Amino acid sequence: MAQGKRVSVDISGEALAAIRALGAAARQARLAAGEGQSAAAARLGVHVQTIGRVEAGEPGVAIGHVLGLLALYGVEVTCRPNAGGSPAAANAAS
């Protein structure tokens, strides 16, 4: 697992890939805007290391930081359930 804050549960490979994709999208949007990590950090009100952790796809970064960084650069994120449902949703329904 990536360095950073510990995550107390096992995260599926699918979820880790999604986290990494969000980080890559954030980095791509920031670079397309011509800004450095320090400028992004100042705009978001976080430490520059947080921007690096988001862009690296570290799973322990606060979701608000991830979504906030994406929003700064106009990247919209949409959530929807998996077509087959998820084990977590099935357990919650039981």
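The structure reproduced in this document is the subject of the present report. (Residues numbered from 1 in each chain as written. Predicted model: local features only at pLDDT ≥ 70, side-chain atom pairs only at ≥ 80, totals over all residues. Heavy atoms only, no water.)

What to know about the overall build of the chain
And then number 1: The secondary structure content of the chain amounts to five helices and zero strands.
And then number 2: By residue count, 24% of the 94 residues in the chain fall in the buried class.
And then number 3: Taking the contacts inside the chain whose residues are at least 6 apart along the sequence as the reference set, 59% of them involve residues at least 24 apart.
And then number 4: Approximately 6300 Å² of the chain is accessible, and the part contributed by carbon and sulfur atoms is 54%. (Helix = DSSP H or I, 4+ residues; strand = E, 2+ residues; numbered from the N terminus. Buried < 20%, exposed > 50% of the residue type's maximum accessible area, 1.4 Å probe, protein only. Contact = heavy atoms within 4.5 Å. Areas by Shrake-Rupley, 256 points an atom, 1.4 Å probe, with all protein chains shown as cover.)

Here we look at the packing of helix H3 (residues 48-56) against helix H4 (residues 63-72)
And then number 1: Running from N to C, H3 and H4 point in directions that differ by 90°, and their axes come no closer than 10 Å. When the interaxial angle is binned, H3 and H4 end up roughly perpendicular. Residues Thr 50, Ile 51, Val 54 and Glu 55 of H3 lie in contact with H4, whose contacting residues are His 65, Val 66 and Leu 69.
And then number 2: In terms of residue class, the contact of H3 with H4 is made up of four nonpolar, two polar and one charged. (Axes fitted to C-alpha atoms, helices over the stretch in contact; angles between N-to-C directions. Parallel < 35°, antiparallel > 145°, perpendicular 65-115°, else oblique. Nonpolar A, V, L, I, M, F, W, Y, C, P; charged D, E, K, R; others polar.)

Description of H4
And then number 1: Among the residues of H4, those classed as buried are Val 66, Gly 68, Leu 69 and Leu 70.
And then number 2: Structurally, H4 contributes buried residues whose contacts are with helix H1 (13-32), helix H2 (37-44) and H3.
And then number 3: Gly 74 sits one or two residues past H4 and shows a positive phi near 75°.

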